[in-house]
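Here's the letter readout for the chains.
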Amino acid sequence: YIGTNNSSTNDIYVFERAQMLVGATSPKMVGFNNPWRPTTIDGFMCVPPVDNDGTAAPAGTPGMFITINDDAIGGGSDQLWIYELAVNWTTTASSTFNRTQQINVTAFDSNFGSNWDNIKQQGTTQELDAIPQVIMNVPQYRNFGTYQTIVCCHTVDVDATDHAGIRWYELRKTTGSWTVRQTGTYAPDAHSRWMGSIMLNANNKIGIGYSISSSSMYPGIRYAGQTAG
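These numbers were taken from a predicted model, which means no experiment stands behind them. (Residues numbered from 1 in each chain as written. Predicted model: local features only at pLDDT ≥ 70, side-chain atom pairs only at ≥ 80, totals over all residues. Heavy atoms only, no water.)

This next bit is on the layout of surface pockets. By volume, the largest pocket is sized at about 490 Å³. Lining the largest pocket are 20 residues, with Tyr1, Arg17, Val50, Asn52 and Gly63 positioned closest to its centre. Taken together, the elements giving at least two residues each to the lining of the largest pocket come down to strand S2 (12-15), helix H1 (17-21), strand S4 (51-53) and strand S5 (63-69). The element that contributes the greatest number of residues to the lining of the largest pocket is H1, accounting for three residues. Its residues assigned to classes, the lining of the largest pocket shows 14 nonpolar, three polar and three charged. (1 Å grid on protein atoms, 1.4 Å probe; cavity = no way out; pocket = protein on both sides within 12 Å on 5 of 7 lines; lining within 4 Å. Points joined across faces, edges and corners; volume = space filled by probe spheres on them. Helix = DSSP H or I, 4+ residues; strand = E, 2+ residues; numbered from the N terminus. Nonpolar A, V, L, I, M, F, W, Y, C, P; charged D, E, K, R; others polar.)

Right, here's the structure in full:
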């Protein structure tokens, strides 16, 4: 499953994995022109697929994609949007792609402006690209048997001064729809944190790696974590 960063024509794809793994000469692919693309002002509109770690999803589960909607840019509410792609390799024209949920979340601001000069760094006036308004790689799915989880994150402006922080979410589903189990914005000091990558392990511990920088700090990489408790 792949999402590409383009504003028109197909941007959502699925490839015939079973045929690719055995080196078949004619594996199939199916593409979709997503009618529910998020609105952005910085050019980042890719809707990424959700990655399956650990135990596989239940048989027949559609492939999932996820993105954000910022109410100040796209209207509506601050939300997570979940999509499902159900592929039919026998009759590819019967494959479907739909937005299946719009989940309201704690209000956020993902607007760092229309240019790519956003994050301060020490020793220069040249600023770095925040890459906001898009879910960071890789949104992750896990199947715990009695429940399923998705964790994901994106960059937000925590105080309207281009001070970047990591907004993260843990979604959970037992039956029916996905809901937000817990969420937060990691911005414990004046430094900017962005380009996060979040994972949940099999023991329900969460880790986030991210870039860090500010006018008093050279760009670097750090991480934070949360225990199962």
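This next bit is on the sheet that holds strand S12 (residues 192-200). Ordered by their spatial adjacency, three strands build an open sheet running S12-S13-S14, and the pairing between neighbours is antiparallel. The open sheet has two free edges, formed respectively by S12 and strand S14 (217-226), since each of these has just one partner strand. Adjacent strand axes in the sheet meet at a mean angle of 15°, parallel and antiparallel pairs treated alike. (Pairing = 2+ DSSP bridges. Axes fitted to C-alpha atoms, helices over the stretch in contact; angles between N-to-C directions.)

Here the focus is the packing of aromatic side chains. With the rule as written, the count across this model stands at 10 aromatic pairs. For the ring pair Tyr83 and Phe97, a centre distance of 5.3 Å and an interplane angle of 10° mean the geometry is stacked. With a gap of 14 residues between them, Tyr83 in strand S6 (residues 79-86) and Phe97 in strand S7 (residues 96-104) connect regions that are remote in the sequence. Classification of Tyr83 by relative accessible area gives buried; the value is 0%. On the basis of relative accessibility, which here comes to 7%, the residue Phe97 falls in the buried class. Ring-pair connections join several aromatic residues into one group, and the members of that group are Tyr1, Phe32, Trp36, Phe65, Tyr83 and Phe97. In this structure, Arg99 packs its charged tip against the face of Trp81, placed 4.5 Å from the ring centre. Positioned over the ring face of Tyr147 is Arg172, at 3.8 Å from the centre of the ring. (Phe/Tyr/Trp six-rings, centres within 6.5 Å; stacked < 30°, edge-to-face > 60°. Buried < 20%, exposed > 50% of the residue type's maximum accessible area, 1.4 Å probe, protein only. Lys NZ or Arg CZ within 6 Å of the ring centre and 35° of its normal.)

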